[in-house]
Amino acid sequence: MAGGLRSKGTNIFVYVLLGLLVLGLAGFGIGNFGGSVNAIGSVGDTKIDVQEYSRALQQELRSYQQRTGQAVTMNDARALGLDTAVLGRLVSQAAIAEEAKRMGVSVGDEAVRTEIIGMQPFQGQGGTFDRDTYAYVLSQSGLKPAEFETMVRADTTRSLLENAVSGGLPAPDVYTDTLLNYVAETRSFEWVQMTGRDAPVPEPTDAELRSYYDANSDAFSLPEARRITYAWITPAMLADTVEVSEEDIAKLYAARADQYQIPEKRLVERLIFATEQEAQDARARLDDGSIDFAGLVAERGLTLDDVDMGEVAAKNVSEAAASALFAQKEPGIVGPVETTLGPALFRVNGILPAQETPLDQVRDELRKTIGTERAVTRITEITTQVDDLLASGATLEEIAKETDLELGTIDLRPGSTEPIAGYETFRTAAAQAKPDDFPQIEPLADGGVFALRLDEVIPPQLQPFDQVRQDVFSGWTAQALRERLMARAEVLTPDLQQGASFADLSLEATQEEGLKRDETVKDAPPALVQKAFEMKVGDIATVDGANGSIYLLRLTAITPPAKDDKEVTALSVLLSQQIRQGQAQDLLRLYGAALQGRAGVQLNQTAINSVNAQFP
């Protein structure tokens, strides 16, 4: 049976983009898995293809990196559960595909055609489907048209069943309104900050300070420490001892010519036309002011992002384009210029002058780089020597005498500032060490190494009163001030509840109007707004501030979301969509689990491990 199509944001669409980036099948050939392995598992008779898993995993890793801005290794992915999430998603999709086959659900050729011709990567210069582009993109992905069309048919068929199961779910009005009120409801309140000026605190006696010290001993105790003896070496320790010649520096400088000798560049946008006449006509319209460049781009169904070339050097474009672009000495329109893609108009948005960094300016930097690299190599050699010494029973003290490693001790606590405490691998090893462990050589993030021994676990220690007297004084004063201010607030509260203003009580209040739950008040703790959302109109409350101060506030108004406000309406629609999507995802997850239980799931862990091993 045929049916309606889903949106263009499909898995297949993503696979095409991955193919364009040469991150699809080209990197995960069947041969990599022993020739005969073509699936990582199955649900019933529906197989989960090796290539499908590799593409989905690659997509997940890149998506995570884009969201977080952090590179992610396969080890990181396992720790985050990304590989498990990908596998679970593919198993669920396979279960639904198996059910579609059992029910005889499918889509016709016309539905597949409609889906494919609407995919942006297959569109030519005119913004419509181009068969040559289609064939080229698929070839770059290692796919044949028939294979890709089979994938589209399967993906679209599965979506039909998914939409039948989860489509059309309404968002309950009560649920939507509750969330809308939570997000968009506002509070108005008035507040004052009460400080030492409102309740001066006398100087404490020595007895009062000692009593506070005894009652709050945890606050003045050093946390548990692990006394560690360690031997270590880093590239920085050796860098100054490594010989680096001027010739070495000159060679590295030359190798980094792209970094130190940056050519002149232009910030360029390019709009390509089918014919020279079309390009000339467009230029004439630009010149007479009847349209601007952005308008020309929009007429073609494109965005400025689509035509943006970024920073362009002369070597990055054809000779003709380079000649025209770099003759332009200020921002403006250039062309038409003949390019390998056809006649084009360029808009120069900025001129970036050439930059040359002299060798003398970076000599020390280059010397340090070379010295560090050679020091890392030297440390590799030292590591072998240290391993042999440790294997023979040598102590850390003996290793420090016989090698370049430096000996040290540290009482490691949270917040330790010694240089070696800055290395996560050292902190982790120190936290896991036991008194009877034999030292082992461990790597540091900068190429260094260390070995350690746990000498003693030092329990929390109460610091002598005289050493922390100032901290005790500050703590006692803050507590005493808060107690006095809270007592005064209790005296003021009945009058405020009966309608007296802050001014009537000789207090200068600040009025806040229409604050949302996620807003803050300048120079006040976030808890002030949070407290306001816990109160009823007319309630009086206090919030702790810094150094014993308190905030006294009275809630004056609760304003529900304005139903006729455009922003509130848009937010309501968005919340409804999110609720429906969440319900749909939950329903599909339960449906997929039920189907998996009925059809049976088989996974080839060896094949899965082989795919995972392909990723760094």
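The structure displayed is predicted, hence computed values, not measured ones. What you see as residue numbers is a count from 1 along each chain, following the sequence as written. In keeping with the model being predicted, local features are shown solely for residues with a pLDDT of at least 70 and side-chain atom pairs are shown and tallied solely at 80 or more, while totals for entire chains, interfaces and linings include all residues. Excluding hydrogens and water, the side-chain figures rest on all heavy atoms present in the structure.

## Some remarks on the overall build of the chain
Note the following rule: The way it works is that DSSP assigns letters per residue, a run of H or I at least four long becomes a helix, a run of E at least two long becomes a strand, and they are numbered from the N terminus. Two things to know: the radius of gyration comes from C-alpha atoms, and the globule rule equals 2.2 Å times the number of residues to the power 0.38. Partly exposed residues are those whose accessible area sits between 20% and 50% of the maximum for their type, while under 20% is buried and over 50% is exposed, using a 1.4 Å probe and protein chains only.
Helix and strand counts for the chain come out as 23 helices and 19 strands. Taken over C-alpha atoms, the radius of gyration comes to 35 Å for the chain, far larger than the 25 Å a tight globule of 616 residues would show. Principal-axis analysis of the C-alpha atoms gives the chain an extent of 95 × 80 × 70 Å. When each of the 616 residues of the chain is scored for burial, the buried share is 38%.

## Side note on the sheet that holds strand S18 (residues 550–559)
To keep things clear, this is the line we draw: Two strands qualify as a pair provided DSSP detects at least 2 bridges between them. Every axis corresponds to a line fitted to the C-alpha atoms, with the helix fit spanning only the stretch in contact, and the corresponding angles, defined between N-to-C directions, vary from 0 to 180 degrees. Throughout, a residue-residue contact means that at least one pair of heavy atoms, one from each residue, lies within 4.5 Å.
In spatial order, the strands read S16-S3-S18-S17; together these four strands make up an open sheet with antiparallel pairing. Edge positions in the sheet fall to strand S16 (510–515) and strand S17 (540–544), since each of these pairs with one other strand and no more. Taken over all neighbouring pairs, the strand axes of this sheet differ in orientation by 30 degrees on average, direction set aside. Relative to S18, S17 runs antiparallel, the two sharing five bridges. The residue bridging Thr-542 from the neighbouring strand is Leu-552, located in S18. Taken strand by strand, helix H20 (residues 469–497) contacts strand S3 (186–194), S17 and S18, and its axis lies near 35 degrees from that of S18.

## Considerations on the sheet that holds strand S14 (residues 449–458)
Spatial ordering of the open sheet is given by S12-S5-S14-S13, a layout of four strands whose pairing is antiparallel. Lying at the two open borders of the sheet, with one neighbouring strand each, are strand S12 (406–412) and strand S13 (442–443). Note: strand S5 (residues 225–233) against S12, seven bridges, orientation antiparallel. Each bridged residue has a counterpart across the sheet, and for Arg-226 the counterpart in S12 is Leu-412.

## Regarding the nonpolar core
As a reminder of what qualifies: What is meant by a nonpolar core is a set of buried Ala, Val, Leu, Ile, Met, Phe, Trp, Tyr and Cys residues, joined one to another through side-chain atoms within 4.5 Å.
Judged by nonpolar contacts, the single largest core of 43 residues is most densely connected at Ile-40, Tyr-53, Ile-116, Phe-122 and Phe-148. Looking at this core element by element, the count peaks at nine residues for helix H4 (residues 82–103). Not counting the four nearest positions on each side in its chain, Ile-116 is found in contact with Phe-122, Phe-129, Tyr-134, Phe-148, Glu-149 and Val-152.

## Here we look at the pattern of salt bridges
In plain terms, the rule: What makes a salt bridge here is a side-chain nitrogen of Lys or Arg within 4 Å of a carboxyl oxygen of Asp or Glu, nothing more.
Counted by the stated rule, this structure contains 27 salt bridges. Asp-404 serves as the salt-bridge partner of Arg-378, at 3.5 Å between the closest nitrogen and oxygen. Placement of Arg-378 in helix H17 (residues 359–391) and of Asp-404 in the loop between helix H18 (396–402) and S12 is noted, with a sequence separation of 26 residues between them. As a salt-bridge pair, Glu-534 and Lys-531 come within 3.4 Å of each other at their nearest N and O atoms. For Lys-531, a relative accessible area of 26% corresponds to the partly exposed category. Via salt bridges that share partners, Glu-99, Arg-102 and Arg-598 belong to a single interconnected network.

## A short note on the packing of aromatic side chains
To keep things clear, this is the line we draw: Classification of ring pairs rests on two measures: the distance between centres of Phe, Tyr or Trp rings, Trp counted by its six-membered ring, which must be within 6.5 Å, and the angle between planes, read as stacked under 30 degrees, edge-to-face over 60 and tilted in between.
All told, the structure shown has 12 aromatic pairs when counted by the stated rule. Relative to Tyr-134, the ring of Phe-129 has its centre 5.4 Å away and its plane inclined at 55 degrees; by these criteria the two rings are tilted. For Tyr-134, a relative accessible area of 2% translates into the label buried. Seen in terms of ring centroids, Phe-426 and Phe-450 are 5.4 Å apart; in terms of plane orientation they differ by 70 degrees. Their pairing is edge-to-face. Of this pair, Phe-426 sits in helix H19 (residues 424–432) while Phe-450 sits in strand S14, placing them 24 residues apart in sequence.

## Topic: the packing of H4 against helix H7 (residues 145–166)
Convention followed: Working rule for angles: under 35 degrees goes down as roughly parallel, over 145 as roughly antiparallel, 65 to 115 as roughly perpendicular, anything else as oblique. Under the scheme applied, nonpolar residues are Ala, Val, Leu, Ile, Met, Phe, Trp, Tyr, Cys and Pro; charged residues are Asp, Glu, Lys and Arg; polar residues are all the others, including Gly.
Relative to each other, H4 and H7 sit at 90 degrees, their axes nearing to 9 Å. The orientation of H4 relative to H7 falls into the category roughly perpendicular. Note on element contacts: H7 touches H4 through Thr-157, Arg-158, Leu-161 and Glu-162, opposite Gln-93, Ile-96, Ala-97, Glu-99, Ala-100 and Met-103. Here the contact of H4 with H7 is built from residues that sort into five nonpolar, two polar and three charged.

## Things to note about the environment of Asn-38
Relative to the assigned elements, Asn-38 resides in the loop between helix H1 (11–20) and strand S1 (39–43). Residue class for Asn-38 comes out partly exposed when judged on its relative accessible area of 38%.

## Overview of the pairing of S1
Within a regular beta strand, the side chains point alternately toward one face of the sheet and then the other, so they alternate between its two faces. With five of its five residues buried, S1 lies for the most part within the structure. Of the pairings in the sheet, the one linking S1 to strand S2 (residues 46–49) comprises four bridges and is antiparallel in character. Paired with Ala-39 across the two strands is Asp-49, which belongs to S2. A loop of two residues connects S1 with S2, the two strands running antiparallel in sequence, and Gly-44 in this loop sits at a positive phi of about 65 degrees. Pairing between S1 and strand S19 (residues 601–603): three bridges, direction antiparallel. Residue pairing for S19: Val-43 is matched across the bridge by Val-601.

## Remarks on unusual backbone geometry
Phi is positive for Ser-506, which is not a glycine, with a value near 65 degrees. As for its placement among the helices and strands, Ser-506 is situated in the loop between H20 and S16. Positive phi, close to 65 degrees, is recorded for Asp-523, a residue that is not glycine. Mapping Asp-523 onto the fold places it in the loop between S16 and helix H21 (527–532).

## Things to note about helix H23 (residues 605–613)
Quick reminder of the rule: The directions considered for the arc are those from the helix axis to the C-beta atoms. Distance and chemistry together define a polar contact, namely a pair of N or O atoms within 3.5 Å, with one atom able to donate a hydrogen and the other to accept it when in protein, and with adjacent residues in sequence counting only for side-chain atoms on both sides.
Along H23, the residues that are buried comprise Ala-607, Ile-608, Val-611 and Asn-612. Each buried residue of H23 sits inside an arc of 140 degrees when the element is viewed along its axis, so together they form one side. Opposite the packed face of H23, turned more than 90 degrees from it, sit the exposed residues Thr-606 and Ala-613. Buried-residue contacts for H23 involve S1, helix H2 (50–68), helix H3 (74–80), H4 and S19. The N-capping residue of H23, defined by a side-chain oxygen 3.1 Å from the backbone nitrogen of Thr-606, is Asn-604.

## Considerations on the environment of Gly-393
Considering the arrangement of structural elements, one finds Gly-393 in the loop between H17 and H18. Classification of Gly-393 as exposed rests on a relative accessible area of 55%. Sequence separation between Gly-393 and Leu-271 is 122 residues, and the spatial gap between their C-alpha atoms is 72 Å.

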